[in-house]
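A closer look at the structure
The chain contents come next:
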Amino acid sequence: GGSLGEVVVFVAPKGGTGRTTLAINTAVGLRESSGQEVALVDADFASPALDVALNLPAEHNILDLLPRLARLDRDLLHSILATHASGLRVLLAPPPGEALDPISLPQVEQILVILRAMFPWVVVDLGLPLDEMAFAFLDGADRIVMNVLPEMVGLRNTRLMLDQLRARGYPEERIWMVLTRANMKGGVALEDIERRLKVRVRVQIADDQPLVTHSVNVGVPLTVSHPRSALAKGFRSLADMLVAST
């Protein structure tokens, strides 16, 4: 609340679950739904994907901020953020293997403080592992959006991750569960998922792998290219719920 921005962090217990697609399209949806500026942060340092998925030139990344954190101002930050055609401002991750020293907890906190002061919405695509740096992003989150696939191995991994977040003391209402590929053939039923995870699913996102793959390959968020698709409607409903919850 207040004049500070809302930080929404997207997590998933393993790669390949559609977390980045969910983060990108929700960010676009937030911009449309709220009419406000949105910053999108690639915090998947092991396998960054936002530059590819949004077809952005990787001129600057988060490492360019670190030496200047002490005197970080709006102009400097704006010069380092990439601008996407959708209007999103994007803080990219370094190319894999380039971030040799992990970014420290105080550095993450400082970056979040300035982003939150500048943008009404800060969306973070958080990779694995859940190390101290990851928890620095999670500690700063107003909402933690976790996506789960309707399959048993994914459910087990999701439950383990939920347990980690609960053990860390994040309040239950801060963690939002989203079911991706919801109508997947042979998938586990919604009731079973909610019972196993002891959590309610806020939004179900349709299953359309060909459209997701196409969208990433052309570098255009599908909420932009296919706004009337079932997928785009799901992303938009999550964005609307986030806006309504502030």
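As shown above, the structure is provided for reference.
Residues numbered from 1 in each chain as written. Predicted model: local features only at pLDDT ≥ 70, side-chain atom pairs only at ≥ 80, totals over all residues. Heavy atoms only, no water.

**Digging into the overall build of the protein chain**
A tally of regular secondary structure across the protein chain gives 10 helices and eight strands. In summary, the protein chain has a C-alpha radius of gyration of 17 Å against a globular reference of 18 Å for 246 residues, a match within 12%. On the principal axes, the C-alpha backbone points of the protein chain span a range of 50 × 40 × 40 Å. Long-range pairs, those at least 24 residues apart, make up 77% of the contacts in the protein chain between residues at least 6 apart in sequence. Element-wise, carbon and sulfur atoms account for 52% of the exposed surface of the protein chain, whose accessible area totals about 10800 Å². Separation of charge centres in the protein chain, based on 24 positive and 28 negative side chains, amounts to 6 Å. (Helix = DSSP H or I, 4+ residues; strand = E, 2+ residues; numbered from the N terminus. Rg over C-alpha atoms; globule rule 2.2 N^0.38 Å. Contact = heavy atoms within 4.5 Å. Areas by Shrake-Rupley, 256 points an atom, 1.4 Å probe, with all protein chains shown as cover. Lys, Arg positive; Asp, Glu negative; His and termini not counted. Charge placed at Lys NZ, Arg CZ, Asp CG, Glu CD.)

**Re the side chain of Arg-116**
Along the chain, Arg-116 turns up in helix 4 (residues 105–118). Given the relative accessible area of 18%, Arg-116 is considered buried. Polar side-chain contacts of Arg-116 include one of 2.7 Å to the side chain of Asp-142. For Arg-116, the contacting residues outside a window of four places in its chain are Leu-4, Gly-5, Val-7, Val-122, Gly-140 and Asp-142. (Buried < 20%, exposed > 50% of the residue type's maximum accessible area, 1.4 Å probe, protein only. Polar contact = N/O pair within 3.5 Å; in protein donor to acceptor, adjacent residues only side chain to side chain.)

**Regarding helix 1 (residues 19–34)**
With 16 residues, helix 1 should reach 22 Å at 1.5 Å per residue; the first-to-last C-alpha distance of 22 Å fits that figure. Within helix 1, 12 of the 16 residues are buried, leaving the element largely enclosed by the surrounding structure. Listed in full, the buried residues belonging to helix 1 are Arg-19, Thr-20, Thr-21, Leu-22, Ala-23, Ile-24, Asn-25, Thr-26, Ala-27, Val-28, Gly-29 and Leu-30. Of the residues trailing helix 1, Gly-35 is marked for its positive phi of about 70 degrees. (Expected span 1.5 Å × (residues − 1).)

**Section: the sheet that holds strand 4 (residues 89–91)**
Spatially, the eight strands line up as an open sheet ordered 3-4-2-5-1-6-7-8, and their pairing is mixed. The sheet is open, and its two borders are formed by strand 3 (82–83) and strand 8 (201–204), each paired with just one other strand. Packing against the sheet, helix 4 makes contact with strand 1 (6–11), strand 2 (38–43), strand 4 and strand 5 (121–126), and its axis sits at approximately 145 degrees to strand 5. Strands strand 6 (143–148), strand 7 (175–179) and strand 8 of the sheet are contacted by helix 7 (residues 190–197), whose axis makes an angle of about 145 degrees with strand 8. (Pairing = 2+ DSSP bridges. Axes fitted to C-alpha atoms, helices over the stretch in contact; angles between N-to-C directions.)

**Regarding the pattern of salt bridges**
Applying the stated criterion across every chain yields a total of 11 salt bridges. A salt bridge links Arg-166 to Asp-163; the nearest nitrogen and oxygen atoms lie 4.0 Å apart. With a gap of three residues between them, Arg-166 and Asp-163 both fall in helix 6 (residues 152–167), about one helical turn apart. Given the relative accessible area of 24%, Arg-166 is considered partly exposed. (Salt bridge = Lys/Arg side-chain N within 4 Å of Asp/Glu carboxyl O.)

**Brief notes about the side chain of Thr-158**
Inspection of the secondary structure assignment puts Thr-158 in helix 6. The contact partners of Thr-158, leaving out residues within four places of it in the chain, are Pro-13, Met-146, Val-148, Met-177 and Leu-197.

**Considerations on the environment of Leu-138**
Within the secondary structure, Leu-138 is located in helix 5 (residues 132–139). According to the relative accessible area criterion, Leu-138 is buried, its value standing at 0%. Sequence separation between Leu-138 and Val-8 is 130 residues, and the spatial gap between their C-alpha atoms is 8.8 Å. In this structure, Leu-138 is in contact with Val-9, Val-11, Leu-126, Leu-130, Ile-144, Leu-165 and Tyr-170, ignoring residues within four places of it in sequence.

**Notes on the nonpolar core**
By size, the foremost hydrophobic cluster in this structure holds 53 residues, and its most contacted members are Leu-91, Leu-115, Val-124, Leu-126, Phe-137, Leu-138 and Leu-165. Look past the residues within four positions of Leu-115 in its chain and what remains in contact with it is Ala-39, Val-41, Leu-77, Leu-91 and Val-122. Counting residues in each nonpolar core, the second largest holds 34 residues, with Val-8, Ala-27, Val-90 and Ala-232 among its members. (Core = buried A, V, L, I, M, F, W, Y, C linked by side-chain atoms within 4.5 Å.)

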